[in-house]
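# Structural overview for review
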Amino acid sequence: MVRRTARYLNIFAGALLSLSSFLWWHSSLQWANTLVMGGLIVVVSAGAAEIPNVRYLNTLGGAWLMLSALYIRPFSAATRWNNFVVGAAVVTS
């Protein structure tokens with residue numbers, strides 16, 4: 001049950017990440033990255049709730065979010081921190 005709870009929390013985090021792409025200014029590349037990665041996290045987390053090994057794809061997605069938060073320019077501080085924190089949460093769950 002704990003594993004399913006983590007997957008559902010990741011679904012929530014991915015949905016919030018996608019929503020955040022519309023809440024404040026992002027560069028076009030940041031906007032696309034935030035929106036797409038949020039959607040992928042939702043889809044992969046839903047799959048991982050049924051097929052546990054799919055969670056490793058979410059780990060890769062979370063790692064990408066953390067790296068992209070540091071290297072995609074021009075960056076806004078809000079987007080940088082939001083993507084980094086969500087990425088870290090996904091990697092650790």
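Details of the structure are given in the entry above.
Structural notes, computed from the coordinates. (Residues numbered from 1 in each chain as written. Predicted model: local features only at pLDDT ≥ 70, side-chain atom pairs only at ≥ 80, totals over all residues. Heavy atoms only, no water.)

### Section: the packing of helix H2 (residues 28-50) against helix H4 (residues 77-92)
Packed helices, taken two at a time, are described by their axes: the angle between them and the distance between them. Applicable threshold: As a rule, the C-alpha atoms of each element are fitted with a line to give its axis, helices using only the stretch in contact, and angles between N-to-C directions run from 0 to 180 degrees. Only DSSP runs of H or I covering at least 4 residues are called helices, and only runs of E covering at least 2 are called strands; the numbering of each starts at the N terminus. Here the word oblique covers every angle except those under 35 degrees (roughly parallel), over 145 (roughly antiparallel) and from 65 to 115 (roughly perpendicular). The sense of a crossing depends on the near helix, which, turned anticlockwise from the far helix by less than a right angle, makes the crossing left-handed and, turned clockwise, makes it right-handed. Whether two residues touch is decided by their heavy atoms; if any such pair falls within 4.5 Å, the residues are in contact. By the convention adopted, Pro, Cys, Tyr, Trp, Phe, Met, Ile, Leu, Val and Ala count as nonpolar, Lys, Arg, Asp and Glu as charged, and the other residues, Gly among them, as polar.
Between H2 and H4, the shortest axis-to-axis distance is 12 Å and the interhelical angle comes to 20°. With respect to H4, the element H2 is oriented roughly parallel. The interaxial crossing formed by H2 with H4 has left-handed handedness. Packed against H2, whose contacting residues are Gln30, Asn33, Thr34 and Ile41, the element H4 presents Thr79, Asn83 and Val90 at the interface. Among the residues forming the contact of H2 with H4, the class breakdown is two nonpolar, five polar and no charged.

### Focus: the environment of Met37
Applied cut-off: Classification of residues uses two cut-offs on accessible area relative to the type maximum, computed with a 1.4 Å probe and protein chains only: under 20% is buried, over 50% is exposed, and between them is partly exposed.
Tracing the backbone through its elements, the reader meets Met37 in helix H2. The buried category is assigned to Met37, whose relative accessible area is 11%. Met37 sits 27 residues away from Trp64 along the chain, and the two C-alpha atoms are 8.8 Å apart.

### A word on the environment of Thr79
What counts here: In protein, a polar contact requires one atom able to donate a hydrogen and another able to accept it; more generally it is a pair of N or O atoms within 3.5 Å, and residues adjacent in sequence count only if both atoms are side-chain atoms.
Assignment of secondary structure puts Thr79 in helix H4. Separated by 48 residues in sequence, Thr79 and Trp31 place their C-alpha atoms 8.9 Å apart. Apart from residues no more than four positions distant in its own chain, Thr79 is found in contact with Trp24, Trp25, His26, Gln30 and Thr34. At 2.8 Å, the side chain of Thr79 and the side chain of Trp24 are in polar contact.

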